[in-house]
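Listed below are the residues making up each chain.
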Amino acid sequence: MKLCVVGTGYVGLVGAAVFADWGNEVVGVDIDEEKIKKIQSGEMPIYEPGLAEIVLDNIDQGRLTFTTSLAKGMKDADLVFICVGTPQDDKTGAANLSAVLGVAAEIGGNLDGYKVVVTKSTVPVGTNERVKQIVRENAPKGAHFDVASNPEFLREGSSVEDMNVTDRVVIGAESEKAFEKVKSLYDHLNAVIVETDLRSAEMIKYASNSFLATKISFINEMAQICERAGADVSEVAYGMGLDKRVGKYFLRAGIGYGGSCFPKDVAALYKTSTDKAYDFKLLRSVMEVNENQRHYFMDKVTDYFGMNLDGKTIACLGLAFKSNTDDIRESVSIKIVQALRGLGAKIKAYDPKAMENAQGVLGDFGIEYGEGIYEVMKDADGLCLLTEWSQFGELDLERVKQEMKGKVIFDGRNLLDKEAVEKAGFTYFAIGKRTNGGEYGRFEGGSAILKDAS
Ligand code: UGA
């Protein structure tokens, strides 16, 4: 098939490359000329495992090209994918649709025969109907087209793999012809194809992300109770997750979820609910719990060092919002670094991929960016583990001891083995576990109040 993919961000670039890898003829379109040139020369605008290889390979094979001209990209295409950004509107929490709707108008103006206009960007319920209307308003008289909603479920850091191995493909459309066209692209995958209406397809995406975010906030609140009650949240999550109805994924307690999707999508679904005169109380709590989680982590640091970190050096491992990516959008790790710096600490930071992006946001004031894991620990008073890179879970504790001045570790992702860390002589703070970090009496006040009340 001939495909046109508009937008070369995470969704568009990965989508275009993998569609081409499946044997389709694909044109990627972006208004950013510089970006297009870089991609063509093999320089990826994002770090994504396996992406550069398939982009270059498919360019070589002649199946993948890029252009800044939508008219050229759309010529003879069967499907035109809208994959542009839908950032959060700061004032209302709603998704900003100006890019999506602008592209829809341009697509309309360039229609040259029957096409299916497929929205992959995450858009609130009802948007595909607006896309249809805008395409029609801008299309030549009598132009024939359909719209379809085909949300993506890719995770950053494994998106190339996720395109190829997925549980389901969701297609919302209004005509059999559109269903068939979009379905034929995915037929070879071993996945359930969900055929539904436009609005339900749009909602499936928001419901999925919001549900996963809910699981994370649930386990983060469980962590609070586990710590107070002397249970271990990792053990509890493992035990719960073995029940297939619960599922073992997205039950890792930590410093809260971040990234360009969960915070934005949960807020947007909540906005949709209030727009429809419904207060989605559970989602409100999910967001509130997520905000609190980083303060809960910071409380551990300030309980230990006090509120003034002047003269203290804190080594921070991890700046990306999660592992295997250089993306720092809504990264909780970055927020914690900012909070530590705000209390006067000198920060020594390291991330395997996100240093450059982080430096762009954090600047250099009060922060030294190190070359490696152990380098940033040199003479540090404390160590914070902030992003779940697997290598941070394999620290050589003897080496850590040699490098650091202080002997305290704040593990925001429960990456380390409590017994091993404590045995190595560290004071250890984790999430949702009783550790030797002075925790044993910490919450007794709370239970005393409850006892008094009874
Ligand atoms: C998320 C969804 O997982 C994808 O299915 C979806 O396609 C994507 O959003 C999107 O809408 O485009 P992503 O944002 O790449 O993917 O990252 P996740 O792996 O979902 O992690 C999100 C955040 O939750 C990260 O900050 C991560 O550290 C945190 N997390 C995740 C936890 O704190 N605990 C967990 O158990 C899992």
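By convention here, each chain's residues receive numbers from 1 onward along its written sequence. Totals for whole chains, interfaces and linings use all residues, but because this is a predicted model, local features are given only for residues with pLDDT of at least 70 and pairs of side-chain atoms are given and counted only at 80 or more. No hydrogens and no water enter the side-chain calculation; it runs on all heavy atoms of the structure.

Caption draft 1: Just the nonpolar core, in detail. In terms of nonpolar packing, the biggest core is built from 62 residues, with Leu317, Leu340, Met377, Leu383 and Leu395 touching the most fellow members. Every residue pair with non-hydrogen atoms within 4.5 Å of one another is taken to be in contact. The residues contacting Leu395, other than those within four sequence positions of it, are Leu317, Ile373, Tyr374, Met377, Leu383, Leu385, Val400 and Leu416. Among the buried residues, those of types Ala, Val, Leu, Ile, Met, Phe, Trp, Tyr and Cys that are joined through side-chain atoms within 4.5 Å form a nonpolar core. Buried, partly exposed and exposed residues are distinguished by accessible area as a fraction of the type maximum, computed with a 1.4 Å probe on protein chains only: under 20%, between the cut-offs, and over 50%, respectively. In this structure, Tyr10, Trp22, Ala148 and Leu185 belong to the second largest nonpolar core, which totals 41 residues.

Caption draft 2: Region of the structure containing the state of the cysteines. Any two cysteine sulfur atoms within 2.5 Å of one another count as a disulfide. For the structure shown, the criterion picks out zero disulfides. With no disulfide of its own, Cys4 lies closest to Cys83 among cysteine sulfurs, the gap being 9.4 Å. Taking relative accessible area as the criterion, Cys4 reaches 0% and is therefore assigned buried. Not part of a disulfide, Cys316 finds its nearest cysteine sulfur in Cys384, a span of 4.8 Å. Overall, the relative accessible area of 0% leaves Cys316 in the buried class.

Caption draft 3: A look at the sheet that holds strand 12 (residues 382-385). A sheet is described by the order of its strands in space; here six strands give the open sequence 11-10-9-12-13-14, paired in parallel fashion. Here the strands that pair on one side only, and so sit at the sheet edges, are strand 11 (367-369) and strand 14 (427-429). Averaged over all pairs of adjacent strands, the angle between their axes in this sheet comes to 20°, without regard to strand direction. Should DSSP find at least two bridges between two strands, the strands are regarded as paired. The numbering of helices and of strands both runs from the N terminus, where a helix is a DSSP run of H or I of at least 4 residues and a strand a run of E of at least 2. As paired elements, strand 12 and strand 13 (residues 408-411) share three bridges and run parallel to each other. Bridging from a neighbouring strand, Leu383 pairs with Ile409 of strand 13. Sheet strands touched by helix 14 (residues 355-362): strand 10 (346-350) and strand 11. Its angle to strand 11, the strand with the most contacts, is close to 160°. To obtain each axis, a line is fitted to C-alpha atoms, and for helices this fit is confined to the stretch in contact; angles are then taken between N-to-C directions over 0 to 180 degrees.

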